[in-house]
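Structural overview
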Amino acid sequence: MTDDSRRGLPAPPPLGAAALPPGTYAGQVVLVTGGGTGLGKAIAAEFARLGADLVIASRRAEQLAAARDELAAVPGAGRVTAAVCDIRDPERVADVFDAAEAAFGLPDVLVNNAAANFPSPAEDLSPNAWRAVVDITLTGTWFMTREFGRRHLAARTPGSIVNIGASYAWTGGPGFAHSAAAKAGVKNLVETLAVEWGPYGIQVNGLVPGLFPHADMSGDIRGGLDRAAPDAKDGRQPALRVGEPRELGWAATFLASPYARFVTGHTLVVDGANWQRRALVNPEVVPVREQLGRGPFGA
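A brief structural summary. (Residues numbered from 1 in each chain as written. Predicted model: local features only at pLDDT ≥ 70, side-chain atom pairs only at ≥ 80, totals over all residues. Heavy atoms only, no water.)

Describing helix α3 (residues 90-103)
The end-to-end C-alpha separation of α3 is 20 Å, in line with the 20 Å expected for 14 residues at 1.5 Å each. V93, A94, V96, F97 and A100 are the residues of α3 that are buried. Burial along α3 is one-sided: seen end-on, the buried residues are contained in an arc of 155°. The exposed set on the far side of α3, more than 90 degrees from its buried face, consists of E91 and A102. Each element contacted by the buried residues of α3 is listed here: β1 (29-33), β2 (53-58), β3 (80-84) and α4 (127-155). Its side-chain oxygen at 2.9 Å from the backbone nitrogen of E91, D89 defines the N-terminal cap of α3. Positioned one or two residues after α3, G105 has a phi angle of 120°, which is positive. (Helix = DSSP H or I, 4+ residues; strand = E, 2+ residues; numbered from the N terminus. Expected span 1.5 Å × (residues − 1). Buried < 20%, exposed > 50% of the residue type's maximum accessible area, 1.4 Å probe, protein only. Arc of directions from axis to C-beta. Contact = heavy atoms within 4.5 Å. Polar contact = N/O pair within 3.5 Å; in protein donor to acceptor, adjacent residues only side chain to side chain.)

If you want it as structure tokens, here you go:
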């Protein structure tokens, strides 16, 4: 018998709506890494809508230029600038903060969104593949966080950091050993630095997205979703729907806002309870190699 009472979680308010009062971030500078594409750009758009001056950083100049123009056109946006940066290089990280200060002032908010990821059986990961993901996702996040913290400590000013995480920081991530290990480190930074820097007025929180399909998803990730549920992505979520990118942006703007000043050291999961889903009887185990369509190791 089909339960026709299942409707899932309601749809969010429309794009352009805001959860916080207009101008909440007027006069505030927000720096978003990976802000030229995907969820980083969606997060930046919600800060822009609330009046923030934006600095978006990424490794690809052409993507940044397009995103800068798009974000500058968001109703209510403050000023927008872009900076090319490889966050694995601490000197380039310092350059981005110098550029931000020269343009608008010391960033009040840092959103560490930049990351690297691709699916792979753990045994197939080369040393370079491991380093590429960990150096961007964890070490790059640390370099950005360290620079932000040191500048605010020296200036004796408060600030807010939001680290974009992943639920497999808690659960483990078969097929993503490199990224899961890095994101576990990112989550730990949230908890460690919230205590260290709280006395100086610096908040540190985490934000974990669930399934938020967007045009900039990598082919590997999108291919995995299509293999898992080509016609039924919504039915595999307890919410019976996927997330809208603006919902992640709303969560980020709240965590960094004056209305969340007593929230620090917390990681907020925005995924419609999908990461907590369990079956009464687990499905048959399919090894990661088989899920990715790879033959036996070493064959």
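Points about the packing of aromatic side chains
The full count for this structure, using the stated rule, is 3 aromatic pairs. Aromatic pair Y25 and F47: ring centres 4.9 Å apart, planes at 70°, arrangement edge-to-face. You can see Y25 sitting in the segment before β1 and its partner F47 sitting in helix α1 (residues 38-49), a full 22 residues away along the chain. Assigned by exposure class, Y25 and F47 land together as buried. (Phe/Tyr/Trp six-rings, centres within 6.5 Å; stacked < 30°, edge-to-face > 60°.)

Structural notes on the packing of α1 against helix α2 (residues 61-72)
Direction vectors running N to C along α1 and α2 enclose 30°, while the axes themselves pass 10 Å from each other. As summarised for this structure, α1 and α2 are arranged roughly parallel, according to the angle between their axes. For the element pair α1 and α2, the recorded crossing hand is right-handed. In contact with K41, A44, A45 and A48 of α1, α2 contributes A67, E70 and L71. Of the residues belonging to the contact of α1 with α2, the class tally is 5 nonpolar, no polar and 2 charged. (Axes fitted to C-alpha atoms, helices over the stretch in contact; angles between N-to-C directions. Parallel < 35°, antiparallel > 145°, perpendicular 65-115°, else oblique. Left-handed = near helix turned anticlockwise from the far one by under 90°. Nonpolar A, V, L, I, M, F, W, Y, C, P; charged D, E, K, R; others polar.)

Section: the pattern of salt bridges
Once their charged atoms are close, side chains differing in charge can pair, the charge on each being opposite to the other. For the structure shown, the criterion picks out 16 salt bridges. The closest approach of N and O atoms between D124 and R289, which form a salt bridge, is 3.0 Å. Of this pair, D124 sits in the loop between β4 (109-112) and α4 while R289 sits in helix α9 (residues 288-291), and the two are 165 residues apart along the sequence. K187 is the partner of E191 in a salt bridge, and the nearest nitrogen-oxygen pair spans 2.6 Å. With E191 and K187 both in helix α6 (residues 177-197), this residue pair falls 4 residues apart, about one helical turn. Taking relative accessible area as the criterion, E191 reaches 32% and is therefore assigned partly exposed. A relative accessible area of 17% means that K187 is categorised as buried. Within this structure, D98, E101, E147 and R151 form a network of salt bridges that share partners. (Salt bridge = Lys/Arg side-chain N within 4 Å of Asp/Glu carboxyl O.)

Digging into α1
Taking 1.5 Å as the rise per residue, α1 with 12 residues should run 16 Å; its terminal C-alpha atoms sit 17 Å apart, in good agreement. In terms of residue burial, α1 counts as a mostly covered element, since 12 of its 12 residues are buried. Buried residues of α1: G38, L39, G40, K41, A42, I43, A44, A45, E46, F47, A48 and R49, and no others.

Topic: unusual backbone geometry
The phi angle at L240 is positive, at roughly 60°, despite the residue not being glycine. Note on placement: L240 falls in the loop between α7 (219-228) and α8 (245-255). Classification of L240 as partly exposed rests on a relative accessible area of 30%. Residue A273 is not a glycine yet carries a positive backbone phi of 70°. Tracing the backbone through its elements, the reader meets A273 in the loop between β7 (267-270) and α9.

With respect to the pairing of β4
A regular strand places its side chains on the two faces of the sheet in alternate fashion. Neither face of β4 is open: one carries V109 and V111, the other L110 and N112, and all of them are buried. Examined bridge by bridge, β1 and β4 share 3 bridges and lie parallel to one another. Each bridged residue has a counterpart across the sheet, and for V32 the counterpart in β4 is V111. In this view, the connection linking β4 to its parallel neighbour strand β5 (residues 159-164) by way of α4 has right-handed handedness. (Pairing = 2+ DSSP bridges. Right-handed = clockwise from strand over helix to strand, strands pointing away.)

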